[in-house]
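Listed below are the residues making up each chain.
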Amino acid sequence: MAESFSVRSERTATVHRVIPTGELDIATAPILEREFDAAQVAGEDVVIVVDLTELAFMDSSGLNVLLQLNDRFPNRLRVINGSPAVERLLDLSGVRSRLPIISPDADPLTPLA
Amino acid sequence: MANEPRTGDRVSASWQSGFDDAADDGTASAEVPAALVLFETYLAVPESVAAARTIAAEFATRAGASQKTVNAVKLAVSEAVTNIVAHAYTDTAQGGLIHLEANLAPGELQVSVSDTGRGLRPRSNGRGLGLGLAIIGELADKVELLQGATGGLRVLMRFAMPASTTES
């Protein structure tokens, strides 16, 4: 069964934005993880944004990636969440409070509350 | 009971020697055999997770489930299959199989995921069975862990359905 998944990144001097598209699960999570090896090279002061608004599906494998990224990039990670399916997953897993989630129109450079 | 209220913490573990589908509401004698049945077998590899959840969601749609229930079935199956696949990768003996079964019973959609041997256990990477199984517990109206026919574990998930979809 063909599963569509891709990741693209957008860079500015201060923000590295990573945008996964498609279905994020145990088979595709490694693709997203690899994308962050480049982000780590970018320097200590660059804010890393994971934009989930284009995901059609995500399960706990995706949550685990996000939790690991938050450990790996403390205070530098921001998660933008837009799809209803991901919203629901964050709520029923209880993981929402453990991730630095910001709204799509927020400035990622604003310090977390 | 098929229409028990949803609660957030309904994961129960029981050990039985089979897959007891019988309704426990005392109306079993009036039930008609389920006309809609799904039985699929997959290799325990990561790519099977998407295949299984897609098939399960299509089955739920055909069964007349609401979009909310279809989404719940899709995510719950993804979690259950992921757990087996994660074990297949950490265990030395690979090549296991995964069975996905579903049927439309009176008042509920029953979906089960089972493996052929090692069973659902906490992951060796420390993330634990917790997150995936907790999500399943939130999604399904009832979850049971059963011993499968081949010695593995079976997670049986029940999703309440409107009576009109199961009385045709």
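Regarding the overall build of chain A
1) Next: Looking only at helices and strands, chain A features 3 helices and 6 strands.
2) Next: Relative to the compact-globule value of 13 Å for 113 residues, chain A shows a C-alpha radius of gyration of 13 Å, a close match.
3) Next: Dimensions along the principal axes, computed over C-alpha positions, put chain A at roughly 40 × 25 × 25 Å.
4) Next: Sorting the 113 residues of chain A into buried and exposed places 36% on the buried side.
5) Next: Of the contacts made within chain A by residues no fewer than 6 positions apart, 66% connect residues no fewer than 24 positions apart.

Section: the overall build of chain B
1) Next: Each helix and strand in chain B was counted, giving 3 helices and 6 strands.
2) Next: Across chain B, helices and strands are ordered from the amino to the carboxyl terminus as β-β-α-α-β-β-α-β-β.
3) Next: A buried classification covers 45% of the 168 residues belonging to chain B.
4) Next: Sequence separation of 24 or more characterises 71% of the internal contacts of chain B that already satisfy a separation of 6 or more.

Some remarks on the pairing of strand S3 (residues 97-105) of chain B
Residue and element names in this part refer to chain B.
1) Next: With 7 bridges joining them, strand S2 (residues 37-43) and S3 adopt antiparallel strand pairing. Looking at S3, one finds that Leu38 is bridged to Ala102.
2) Next: What sits between S3 and strand S4 (residues 108-115) in their antiparallel hairpin is a turn of 2 residues, with Gly107 showing a positive phi close to 80 degrees.

Quick notes on the interface of chain B and chain A
1) Next: Each partner contributes to the interface: chain B provides 20 residues, whereas chain A provides 15 residues.
2) Next: Residue contributions to the side of chain B that touches chain A peak at 7 residues, all from helix H2 (residues 67-90) of chain B.
3) Next: Split into classes, the residues belonging to the side of chain B that touches chain A amount to 11 nonpolar, 5 polar and 4 charged.

Here we look at unusual backbone geometry
Residues and elements named next belong to chain A.
1) Next: Phi is positive for Asn75, close to 70 degrees, though the residue is something other than glycine.
2) Next: Residue placement: Asn75 occurs in the loop between helix H2 (60-72) and strand S5 (77-80).
3) Next: By the C-beta count within 10 Å, which is 10 here, Asn75 ends up exposed.

Focus on the confidence of the model for chain A
It should be kept in mind that the predicted coordinates are not to be read in detail where pLDDT is low.
1) Next: The predicted model of chain A averages 89 in pLDDT, with 92% of residues at 70 or higher.
2) Next: Put simply, helix H1 (residues 29-41) of chain A is where chain A has its lowest mean pLDDT, 83, and S5(A) is where it has its highest, 95.

Some remarks on helix H3 (residues 84-93) of chain A
Residue and element names in this part refer to chain A.
1) Next: Of the residues making up H3, those classed as buried are Val86, Leu89, Leu90 and Ser93. Projected onto a plane normal to the axis of H3, the buried residues spread over an arc of 100 degrees and lie on a single side. Facing away from the buried surface of H3 by more than 90 degrees, the exposed residues are Pro84 and Asp91.
2) Next: Once H3 ends, the next one or two residues include Gly94, with phi positive near 75 degrees.

Examining the confidence of the model for chain B
Residues and elements named next belong to chain B.
1) Next: Residues at a pLDDT of 70 or more form 61% of chain B, whose mean pLDDT is 75.
2) Next: Between residues 1-34, whose pLDDT stays under 50, and residues either more than four places distant or in other chains, the model counts 43 contacts.
3) Next: For this predicted complex, the interface confidence reaches an ipTM of 0.91, while the overall pTM sits at 0.80.

Looking at the nonpolar core
Residue and element names in this part refer to chain B.
1) Next: Ranked by size, the top nonpolar core spans 71 residues in total, and within it Ala56, Val73, Ala76, Val77, Leu109 and Ile136 carry the most contacts.
2) Next: Per element, the largest residue contribution to this core is 11 residues, and it comes from H2.
3) Next: Excluding its chain neighbours within four sequence positions, the residues that come into contact with Ala76 are Ile136, Leu139, Ala140 and Met157.

Thoughts on the environment of B:His99
1) Next: Along the polypeptide, B:His99 turns up in strand S3.
2) Next: Taking the number of C-beta atoms within 10 Å as the measure of exposure, B:His99 has 20 and is therefore buried.

Describing the environment of B:Val73
Residues and elements named next belong to chain B.
1) Next: Position of Val73 among the secondary structure elements: in helix H2.
2) Next: The class of Val73 is buried, set by 26 C-beta atoms lying within 10 Å.
3) Next: Residues Val73 and Arg158, 85 residues apart in the sequence, show an inter-C-alpha distance of 9.3 Å.
4) Next: Beyond its immediate chain neighbours, meaning those up to four positions away, Val73 contacts Ala56, Ala57, Ala60, Ala65, Leu109, Val111 and Phe159.

Definitions and limits used
- Residues numbered from 1 in each chain as written.
- Chains lettered and ligands numbered in written order.
- Predicted model: local features only at pLDDT ≥ 70, side-chain atom pairs only at ≥ 80, totals over all residues.
- Helix = DSSP H or I, 4+ residues; strand = E, 2+ residues; numbered from the N terminus.
- Rg over C-alpha atoms; globule rule 2.2 N^0.38 Å.
- Buried ≥ 20, exposed ≤ 12 C-beta atoms within 10 Å, placed from the backbone.
- Contact = placed C-beta atoms within 7 Å.
- Pairing = 2+ DSSP bridges.
- Nonpolar A, V, L, I, M, F, W, Y, C, P; charged D, E, K, R; others polar.
- pLDDT = per-residue confidence, 0-100.
- Arc of directions from axis to C-beta.
- Core = buried A, V, L, I, M, F, W, Y, C linked by C-beta atoms within 7 Å.

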